[in-house]
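The primary structure of each chain is shown beneath.
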Amino acid sequence: MRAILLGGGISLLISLLGTRVAINVFTSWGYGQEIRDDGPTSHHVKRGTPTMGGVVIILAAVIGYFLAKLITLTTPSASALLLLFLFVGMGLVGFLDDFIKIYKQRSLGLRSKAKMAGQTVIALVFGGLALSPWLEDENGRTPASHNVSFLREIDWLVLPTVLALVLIWLFVAGFSNAVNLTDGLDGLAAGASVGVFGAYTLVNIWQNNQFCQSEPSATCYNVRDPLDLAIIAAAITGACFGFLWWNASPARIFMGDTGSLSLGSALAGFAILTRTELLLVILGGLFVLETLSVMLQVGFFKATKGKRIFRMAPIHHHFEMLGWEQVTVVIRFWIITGLFVATGLGIFYAEWVSRL
């Protein structure tokens, strides 16, 4: 528990102070955000706001985790190192996207195929290692499972390795892009991420307290390294909190694709490594709704040859176009995130109680 508090506290401090430094540095370098011309006109005033703040989130979380391990004199686990690989690797893909936007002074960075290729490589390497018997612990547990999971592994739903890798890829690519779509208003993605990563901190702590020993029971969780994953979840939560201080409206810095892709992939990583894949659909319900709004808008537009369901997608822009203030949209969407998180955690705990 001490390591969890250390990881969260250290990353919060680094993010809070480091983001202020990043604002000054990126501003002096001219690393300003380009704004979509087809977006809400109220966003045009944000042109030139420094971006790539996700670099600070990643550094704060990684440093917070390793310092917590160093102070408590414990060794990083395979699950934690895999999650950090996914987190940092997707951040590098986002960094390339952000850098191209800045360098070429346009609102589009990496081409969609190149971006998806990078996401696919990172996701498949992560999935291949997580399922590999090379990373089994002394009880034969691998970091990830071939079983589809909701609140724990579903015993009768076992996938062959190829399909398990496809599922991992879908989760990583899907949620990294979902957080990216949500990152459209000051503080929206960062605040929502705080709630979901905070939930995974609690999930991992609970799984550690109910960890399956040599003789598994009906109530225990057959996962690997839950305590170490809790440290990372707390570190990312702290990093997002520190960043949110400067990202809240009016934002002094944006996280960019560097931050959104890394945060979304980390959410998918936690779902996979904690055997709670389908639970993430509830905990991260806001991100799911944002993605569905885009899919519905595009599909309806093509099917009806030009008609729209929403005034603009993702859905947070729809409410802007209805006249809602940005701050109002953000706060109400944070409330929605809180409801999703409370529902998910309630279901998670109720399932455990039902097994007593």
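Report on the accompanying structure. Starting afresh in each chain, residues are numbered from 1 along the sequence in its written order. pLDDT decides what is reported in this predicted model: residues at 70 or higher carry local features, side-chain atom pairs at 80 or more are listed and counted, and totals for whole chains, interfaces and linings draw on all residues regardless. For side-chain calculations, the full set of non-hydrogen atoms in the structure is used, while hydrogens and water are omitted.

**Things to note about the pairing of strand 2 (residues 153–158)**
Strand direction decides the pairing type here: strand 1 (residues 147–149) and strand 2, joined by 2 bridges, are antiparallel. Paired with Ser149 across the two strands is Glu153, which belongs to strand 2. The rule for pairing is simple: two strands pair if DSSP sees at least two bridges between them. Numbered from the N terminus, helices here are DSSP runs of H or I no shorter than four residues, and strands are runs of E no shorter than two. As consecutive antiparallel partners, strand 1 and strand 2 are separated by 3 residues.

**Observations regarding empty space enclosed by the protein**
As defined here, a cavity is a set of points on a 1 Å grid over the protein atoms alone where a 1.4 Å probe fits but cannot get out. A pocket is an open set with protein on both sides within 12 Å along at least five of seven lines, and residues line them when an atom is within 4 Å of a point. Grid points are joined across faces, edges and corners, and a volume is the space filled by probe spheres set on the points. For the coordinates displayed, the defined rule picks out 1 cavity of 30 Å³ or more. Roughly 30 Å³ of volume is contained in the largest cavity. Ser145, His146, Asn147, Leu159, Ala164, Leu167, Ile168 and Glu277 together form the lining of the largest cavity. Counting residues per element, the lining of the largest cavity draws most heavily on helix 5 (residues 161–182), at 3 residues. All amino acids are sorted into three groups, where Ala, Val, Leu, Ile, Met, Phe, Trp, Tyr, Cys and Pro are nonpolar, Asp, Glu, Lys and Arg are charged, and the leftover types, Gly among them, are polar. Class assignment for the residues of the lining of the largest cavity results in 4 nonpolar, 3 polar and 1 charged.

**Here we look at a nonpolar patch on the surface**
Among the surface-exposed residues, Leu289, Leu292, Met295, Leu296, Phe300 and Ile309 lie close enough to one another that they form a single nonpolar patch of about 530 Å² accessible area. In this fold, Leu289 is placed in helix 10 (residues 285–304). Relative accessible area decides the class of each residue, using a 1.4 Å probe on protein chains only: under 20% of the type maximum gives buried, over 50% gives exposed, and in between gives partly exposed. Among the residues examined, Leu289 registers a relative accessible area of 40% and is labelled partly exposed. The patches described consist of residues with a relative accessible area above 30% and no salt bridge, like charges being joined within 9 Å and nonpolar side chains (Val, Leu, Ile, Met, Phe, Trp, Tyr) within 5 Å. For the area figures, the Shrake-Rupley method with a 1.4 Å probe applies, and any residue is considered shielded solely by the protein chains shown. A pair is scored as a salt bridge if a Lys or Arg side-chain nitrogen falls within 4 Å of a carboxyl oxygen belonging to Asp or Glu.

**Some thoughts on the packing of aromatic side chains**
Only Phe, Tyr and Trp rings take part, Trp by its six-membered ring, and two of them pair if their centres are within 6.5 Å. Stacked means planes under 30 degrees apart, edge-to-face means over 60, and tilted covers everything else. All chains considered together, the criterion is met by 12 aromatic pairs. Ring centres of Tyr200 and Phe270 lie 5.7 Å apart, and the angle between their planes is 15°; this geometry places the pair in the stacked category. Here the residue Tyr200 occupies a position in helix 6 (residues 188–209), and Phe270 occupies one in helix 8 (residues 256–273), the gap between them amounting to 70 residues. Seen from their ring centres, Tyr221 and Phe348 are 5.5 Å apart, and the 15° between their planes marks the pair as stacked. Of the two residues, Tyr221 sits in the loop between helix 6 and helix 7 (226–247) while Phe348 sits in helix 12 (residues 326–354), which places them 127 residues apart along the sequence. Look at Phe348 and you get buried, because its relative accessible area is 4%. Pairwise contacts between aromatic rings join Phe197, Tyr200 and Phe270 into one cluster. One Lys or Arg, Arg152, reaches over the ring of Tyr221 and ends 4.2 Å from the middle of that ring. The ring of Trp324 carries the charged tip of Arg332 above its face, separated from the ring centre by 4.7 Å. Only when the NZ atom of a Lys or the CZ atom of an Arg is both within 6 Å of the ring centre and within 35 degrees of the ring normal do we say a charge sits over the ring.

**Brief notes about the pattern of salt bridges**
Following the criterion strictly, the structure yields 10 salt bridges and no others. Lys69 is the salt-bridge partner of Asp228, the closest N and O atoms lying 2.7 Å from each other. Of this pair, Asp228 sits in helix 7 while Lys69 sits in helix 2 (residues 54–71), and the two are 159 residues apart along the sequence. Its relative accessible area of 7% is what places Asp228 among the buried residues. In the salt-bridge network here, residues are joined through shared partners; they are Asp97, Lys101, Lys115 and Asp257.

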